[in-house]
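# Close look at the chain arrangement
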Amino acid sequence: LAETYLISKLDKVNEYLLKSRTIALENNFKNVLVENYQIAYKYHKKVGNYEESLNNYERFVAIQDSLKLDELSIRIAHVTKQYETEKAAKELVIIEKRINQQLFIKRILITVIIFLLILFALLYFQSLKKRKLYDKLAKQKKLIIKKNKKLHQQIIATRKAKNVAESANRAK
């Protein structure tokens, strides 16, 4: 409104600038203050109050620089946050890869352990089977040796009987 009056009604400009500045300062509206000081600079320049015009121009530039600095700080904070987020995401990817590698190694290890357990179980049962066969063979061998002794004794008894019978036949 003050800028509109700057063109046509100069007497109302200063009043609206003061009201606007008061509201902007109370509410910390820096954008409004920038505009206010810029219009005040133009107003005081137009009415020939160059000292006040210069003061308003310096305030205008100072607040505008402050706004730019704030905006730059926000951008820097945003870029920093984005960088940190990307960095964290990359770290998560690296950690995830490590975890997947560890899981893969664990799976391989578990598979090898299971394979070895199965192999040892098979070897153990094979060993038990062989032991049973050896025990059975040992029993059969003892039985055969026992039968051979009996058979041998029968052969000896038969030979003696034959010899006795032949001797008896000769003696007759």
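In this report, we go over the structure that sits alongside the text. Remember, predicted model here, so these are calculated numbers, not experimental data.

### Some words on the overall build of the protein
Assigned secondary structure in the protein consists of 4 helices and 0 strands. Mapped from its N terminus to its C terminus, the protein presents α and β elements in the order α-α-α-α. Its C-alpha radius of gyration of 57 Å places the protein more than 25% over the 16 Å reference for a compact globule of 172 residues. If you take every contact in the protein between residues at least 6 apart in sequence, the share linking residues at least 24 apart comes to 44%.

### Observations concerning a nonpolar patch on the surface
The grouping of F104, I105, I108, V112, F115, L116, L119, F120 and L123 at the surface amounts to a nonpolar patch, some 880 Å² of accessible area in total. Here F115 lies in helix α4 (residues 50-171). You can call F115 exposed: its relative accessible area is 54%.

### What to know about the nonpolar core
Inside soluble globular proteins, nonpolar side chains tend to come together where they are buried. With 6 residues, the main nonpolar core is built from A24, L33, V34, Y37, F60 and I63. For this core, the secondary structure elements donating two or more residues are α3 (30-47) and α4. In terms of residue count, α3 provides more of this core than any other element does, 3 residues in total. Core analysis: the second largest hydrophobic core is formed by 5 residues, L17, I39, A40 and Y43 among them.

### A short note on the pattern of salt bridges
The full count for this structure, using the stated rule, is 3 salt bridges. Linking D70 and K30 is a salt bridge whose minimum nitrogen-to-oxygen distance equals 3.2 Å. Taken together, the residues D70 in helix α4 and K30 in helix α3 connect sequence positions 40 residues apart. By relative accessible area, which is 32% here, D70 ends up partly exposed. When the shortest N-O distance is used, the salt bridge between E166 and R170 registers 3.8 Å. On the criterion of helical spacing, the pair formed by E166 and R170 is a turn pair, its members being 4 residues apart in helix α4.

### Things to note about the packing of α3 against α4
Between α3 and α4, the least distance of the axes is 8 Å, while the angle of their chain directions is 155 degrees. One way to sum up the angle between α3 and α4 is to call them roughly antiparallel. The two elements α3 and α4 cross, and the hand of that crossing is left-handed. Touching K30, N31, L33, V34, Y37, Q38, A40, Y41, H44 and K45 of α3 are Y50, E52, S53, N56, Y57, R59, F60, I63, Q64, S66, L67 and D70, all from α4. For the contact of α3 with α4, the residue count by class is 10 nonpolar, 7 polar and 5 charged.

### Comments concerning the packing of aromatic side chains
This structure, assessed with the given rule, holds 3 aromatic pairs. Aromatic pair Y41 and Y57: ring centres 4.9 Å apart, planes at 50 degrees, arrangement tilted. With Y41 in helix α3 and Y57 in helix α4, the pair connects residues that are 16 residues apart, well separated along the chain. On the basis of relative accessibility, which here comes to 36%, the residue Y57 falls in the partly exposed class.

### Thoughts on α4
The end-to-end C-alpha distance of α4 is 176 Å, a good match for the 182 Å that 122 residues give at a rise of 1.5 Å each. Listed in full, the buried residues belonging to α4 are S53, N56, F60 and I63.

Rules of the game
- Residues numbered from 1 in each chain as written.
- Predicted model: local features only at pLDDT ≥ 70, side-chain atom pairs only at ≥ 80, totals over all residues.
- Heavy atoms only, no water.
- Helix = DSSP H or I, 4+ residues; strand = E, 2+ residues; numbered from the N terminus.
- Rg over C-alpha atoms; globule rule 2.2 N^0.38 Å.
- Contact = heavy atoms within 4.5 Å.
- Patch = residues over 30% accessible without salt bridge, like charges linked within 9 Å, V, L, I, M, F, W, Y side chains within 5 Å.
- Areas by Shrake-Rupley, 256 points an atom, 1.4 Å probe, with all protein chains shown as cover.
- Salt bridge = Lys/Arg side-chain N within 4 Å of Asp/Glu carboxyl O.
- Buried < 20%, exposed > 50% of the residue type's maximum accessible area, 1.4 Å probe, protein only.
- Core = buried A, V, L, I, M, F, W, Y, C linked by side-chain atoms within 4.5 Å.
- Axes fitted to C-alpha atoms, helices over the stretch in contact; angles between N-to-C directions.
- Parallel < 35°, antiparallel > 145°, perpendicular 65-115°, else oblique.
- Left-handed = near helix turned anticlockwise from the far one by under 90°.
- Nonpolar A, V, L, I, M, F, W, Y, C, P; charged D, E, K, R; others polar.
- Phe/Tyr/Trp six-rings, centres within 6.5 Å; stacked < 30°, edge-to-face > 60°.
- Expected span 1.5 Å × (residues − 1).

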